Amino acid sequence: MIQRTLISVSAMEAKALPNSTTKDKRKYCVTCGTLATQEVLFKVMDATLIERYCDKCVTNVNI
Ligand SMILES: [Zn+2]
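Conventions used here
- Residues numbered from 1 in each chain as written.
- Predicted model: local features only at pLDDT ≥ 70, side-chain atom pairs only at ≥ 80, totals over all residues.
- Heavy atoms only, no water.
- Pairing = 2+ DSSP bridges.
- Helix = DSSP H or I, 4+ residues; strand = E, 2+ residues; numbered from the N terminus.
- Axes fitted to C-alpha atoms, helices over the stretch in contact; angles between N-to-C directions.
- Phe/Tyr/Trp six-rings, centres within 6.5 Å; stacked < 30°, edge-to-face > 60°.
- Lys NZ or Arg CZ within 6 Å of the ring centre and 35° of its normal.
- Donors = N, O, S within 2.8 Å, 3.2 Å for Na, K, Ca; no water.
- Tetrahedral: all angles 85-135°; square planar, octahedral: opposite > 155°, others 65-115°.
- Buried < 20%, exposed > 50% of the residue type's maximum accessible area, 1.4 Å probe, protein only.

It is worth spelling out the sheet that holds strand 1 (residues 4-11) at this point. Pairing is antiparallel in the open sheet, where 3 strands are placed in the order 1-2-3. One side of each edge strand has no neighbouring strand; the edge strands of this open sheet are strand 1 and strand 3 (47-53). Here the strands of the sheet are splayed against their neighbours by 25° on average, with no regard to which way each runs.

In structure tokens:
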């Protein structure tokens, strides 16, 4: 398993609902698929990985 180190957890900006002419750029929780509210940065080897979680799932991320 690849070692990853938690760097930070930050709240995402609240996005307005997109209208029909704009692309939906909202992000969804990687665990449960609901709208993500938290952005979590990990360091994985030499790269930085961003994963997004909802409020509920982010509490399980502290690895
Ligand atoms: Zn979730």
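Scanning the model with the defined rule gives 0 aromatic pairs in all. It is Arg-4 that lies over the ring of Phe-42; its NZ or CZ is 4.0 Å from the centre.

Turning our attention to the coordination of the zinc ion. All of the protein donors around the zinc ion are Cys-29 (SG), Cys-32 (SG), Cys-54 (SG) and Cys-57 (SG); their distances to the metal are 2.3 Å. If you look at the zinc ion, its 4 donor atoms make angles of 103 to 119° with each other, and the shape they trace is tetrahedral. According to the relative accessible area criterion, Cys-29 is buried, its value standing at 5%. Accessibility expressed as a relative area gives 10% for Cys-57, which makes it buried.

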